[in-house]
Amino acid sequence: MARPTTVHVCSSCGHEAPRWAGQCTGCGEWNTLVEEVRSAPARGGGGGSGRAGVGGSRGGAAVTPTRLGAVEATEVARLPTGIGELDRVLGGGIVPGSLVLIGGSPGIGKSTLTTMALANLTGAGRKTLYVSAEESAAQIKLRAERLPGAALDIPVIAETDLGAVLATLERERPDVCVVDSVQTLHASELTGAPGSVGQVREVAGEIMRVAKQHRIAVLLVGHVTKEGALAGPRVLEHLVDCVLQFEGERERTYRTLRALKNRFGSTSEAGVFEMRQGGLVEVLDASARFVGEATHAPGSVVLCAMEGSRPLLVEVQALVSQSELVPPRRVVSGIDRNRLALVLAVLTRHGGVALGAADVFVNVVGGVRVDEPGADLAVALAVASAARGVALRGGVNGGARGGRDAQRSGADAQERLQLGGGERTEGAAPGPPLACFGELGLTGELRTVAHPERRIAEAAKFGLGTIVTPEAGTLRAALRSALPAQRRPQAA
Ligand code: TYD
Ligand code: MG
């Protein structure tokens, strides 16, 4: 067999160069050259699928197409991992022979989650294999000792060489295999360092080839960069069947698992976990906990969010303080920074809340991340409430739900508050907190978001009677119904 050589291929124009360079000499793009294995021109139709044949005829035989209706597709039995939240996000368990990428920042619990899944599968009599290219077998054992179930029965190898891992897969042929992580495995044909684009692509591609051949389901662990993207190339996301993102902050206990791509299920599912002493525990009553912990102080509001198809109540907090910086600080945790910029702009222009000289901090409590436009209104109300130092009006069923309703009963409630509520403005208000959801339009209108009934039902379930919804019509109306009238400067 000829010694395989590598080439550097431009991912923009396809130009090939023998050596890596910062700029492609073909198209002039920067940082586009990626190392690839180039085997000697293959005899017959062999070689990698994506690689162009070098000269000669391809010699393939014609294939007869089949009518889709006549294609035999047997329902595959999924392999349940025994972790309800993970199974749900996967769409009902692991599909045999599938390739699942689990991404997340270091320390979030990827190794713990995959070990627990393998432990359950091992306990259920499945053949499993844990490939660790990051930790020694002793380190994996230390973790497994803390975990419930058959964690200590999982067969492990600690190996960083791709060739050895592939050979082991070929020989062992497990039902499910975990590769932890794709960035630390090393293909010796390539000169690039482990984790480089070329390496990661080669590692994932080769593992996929072997896995599909022997119907081995592979859970591929991947790291996430500081910016939050799955590290390495996005090409990985195209290659695999499912991409799961494990999110949260390491210091916090709550973590969410989300499907970003799923060839066998919905991408709108999400699972909530808590890291405890004995591993990850599914959180089934997340709403109850977050509502129970809500402060109801100025700057606090409960958001009726959707975690996939499941409603979740989370507390959104804001702090507004005089700034000494130009431009002032905008610090977020749990929401998108650009989304905050948009909300603040709309709040200034259409809500009469001026924040040009103030630092604004927004935090979703509990380390939860909400990535949906339905969070806009919660951010706006929390910031407005913080800016004015007035707690939002929650309490008994105030009927703040709809547009017209809200305006009418809002006025009644305002009077009630002015009569009796003078003292409570600085501190936390009594009674259950205010709940809300809705997207903000650029003209100050509130826009409907998915599943309003489910969100309202969830809030009602936890005793939150006052909900501001997009039915309020505009941000201004929502502010009017949610904030007591006094201390509100310009808003009409
Ligand atoms: P780990 O799964 O190693 O994270 P990752 O593979 O994503 O880098 O573990 C994350 C953290 O969880 C680690 O700091 C230790 C902690 N942990 C617990 O709190 N309880 C446990 O039972 C285990 C196994 C880990
Ligand atoms: Mg790990």
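See the structure shown above.
Looking now at the packing of aromatic side chains. Counted by the stated rule, this structure contains two aromatic pairs. Between the aromatic rings of Phe 246 and Phe 273, the centroid separation amounts to 5.9 Å while the plane-to-plane angle is 90 degrees, which identifies the pairing as edge-to-face. Of this pair, Phe 246 sits in strand E9 (residues 242–248) while Phe 273 sits in strand E11 (residues 270–276); the two residues are 27 residues apart in sequence, bridging distant segments of the chain. With a relative accessible area of 1%, Phe 273 lands in the buried category. On the numbers, 4.8 Å between centres and 70 degrees between planes, the contact of Tyr 254 with Phe 290 is edge-to-face. Of the two residues, Tyr 254 is situated in strand E10 (residues 254–262) and Phe 290 in helix H7 (residues 286–293); the sequence distance between them amounts to 36 residues. Residue Tyr 254 is classed as buried on the basis of its relative accessible area of 7%. Taking relative accessible area as the criterion, Phe 290 reaches 2% and is therefore assigned buried.

In spatial order, the strands read E6-E5-E7-E8-E4-E9-E10-E11-E12; together these nine strands make up an open sheet with mixed pairing. Across the chains shown, the open sheet's two edge strands, defined by having one partner strand only, are strand E6 (156–158) and strand E12 (279–282). Taking the axes of each pair of neighbouring strands and ignoring which way they run, one obtains an average angle of 25 degrees across the sheet. Pairing analysis gives five bridges linking E10 to E11, with the strands arranged antiparallel. Bridging from a neighbouring strand, Arg 255 pairs with Phe 273 of E11.

Position of Gln 199 among the secondary structure elements: in helix H5 (residues 197–214). If we skip the residues at most four places from it in the chain, Gln 199 touches Leu 185, His 186, Ala 187, Leu 190, Gly 192, Ala 193 and Pro 194. There is a polar contact of 2.8 Å between the side chain of Gln 199 and the backbone oxygen of Gly 192.

Right, let's get into the site of ligand 1. Around ligand 1 sit 16 residues in total, of which Ser 111, Thr 112, Arg 276, Gln 277 and Gly 279 are the nearest. Contact between ligand 1 and Thr 112: an oxygen atom at 2.5 Å from a side-chain N or O atom of the residue. Contact between ligand 1 and Gln 277: an oxygen atom at 2.6 Å from a main-chain N or O atom of the residue. Look at ligand 1: alone it shows 560 Å² of surface, and the protein chains cover 76% of it. Going through the elements one at a time, helix H2 (110–123), helix H3 (137–146) and E11 are the ones with two or more residues in the shell around ligand 1.

As summarised here, the arrangement of the three strands in space is E2-E1-E3, forming an open sheet in which the pairing is antiparallel. Of all strands in the sheet, those bounded by a partner on one side alone are strand E2 (16–17) and strand E3 (33–38). Strand direction decides the pairing type here: strand E1 (residues 5–10) and E3, joined by six bridges, are antiparallel. Within the sheet, the bridge partner assigned to Thr 6 lies in E3 and is Val 37.

To continue, consider the nonpolar core. Core analysis: the biggest nonpolar cluster contains 62 residues, and Leu 303, Leu 347, Val 362, Leu 381, Val 383 and Val 468 have the highest contact counts within it. Ranked by residues supplied to this core, first place goes to helix H9 (residues 376–388) with nine residues. Among the domains, domain 2 (84–284) and domain 3 (289–482) are the pair contributing at least three residues each to this core. Judged by nonpolar contacts, the second largest core, of 33 residues, contains Val 89, Ala 119, Leu 219 and Leu 280.

Buried residues of helix H11 (residues 452–461): Arg 455, Ile 456, Glu 458 and Ala 459, and no others. The buried residues of H11 occupy an angular sector of 160 degrees when the element is viewed end-on, so they sit on one face. Looking at the buried positions of H11, the neighbouring elements they touch are H7, strand E13 (300–307), strand E14 (310–322), strand E17 (435–436) and strand E20 (467–468). Once H11 ends, the next one or two residues include Gly 463, with phi positive near 75 degrees.

The rules behind each value
- Residues numbered from 1 in each chain as written.
- Chains lettered and ligands numbered in written order.
- Predicted model: local features only at pLDDT ≥ 70, side-chain atom pairs only at ≥ 80, totals over all residues.
- Heavy atoms only, no water.
- Phe/Tyr/Trp six-rings, centres within 6.5 Å; stacked < 30°, edge-to-face > 60°.
- Helix = DSSP H or I, 4+ residues; strand = E, 2+ residues; numbered from the N terminus.
- Buried < 20%, exposed > 50% of the residue type's maximum accessible area, 1.4 Å probe, protein only.
- Pairing = 2+ DSSP bridges.
- Axes fitted to C-alpha atoms, helices over the stretch in contact; angles between N-to-C directions.
- Contact = heavy atoms within 4.5 Å.
- Polar contact = N/O pair within 3.5 Å; in protein donor to acceptor, adjacent residues only side chain to side chain.
- Near = heavy atom within 4 Å.
- Areas by Shrake-Rupley, 256 points an atom, 1.4 Å probe, with all protein chains shown as cover.
- Core = buried A, V, L, I, M, F, W, Y, C linked by side-chain atoms within 4.5 Å.
- Domains from an automatic or database assignment.
- Arc of directions from axis to C-beta.

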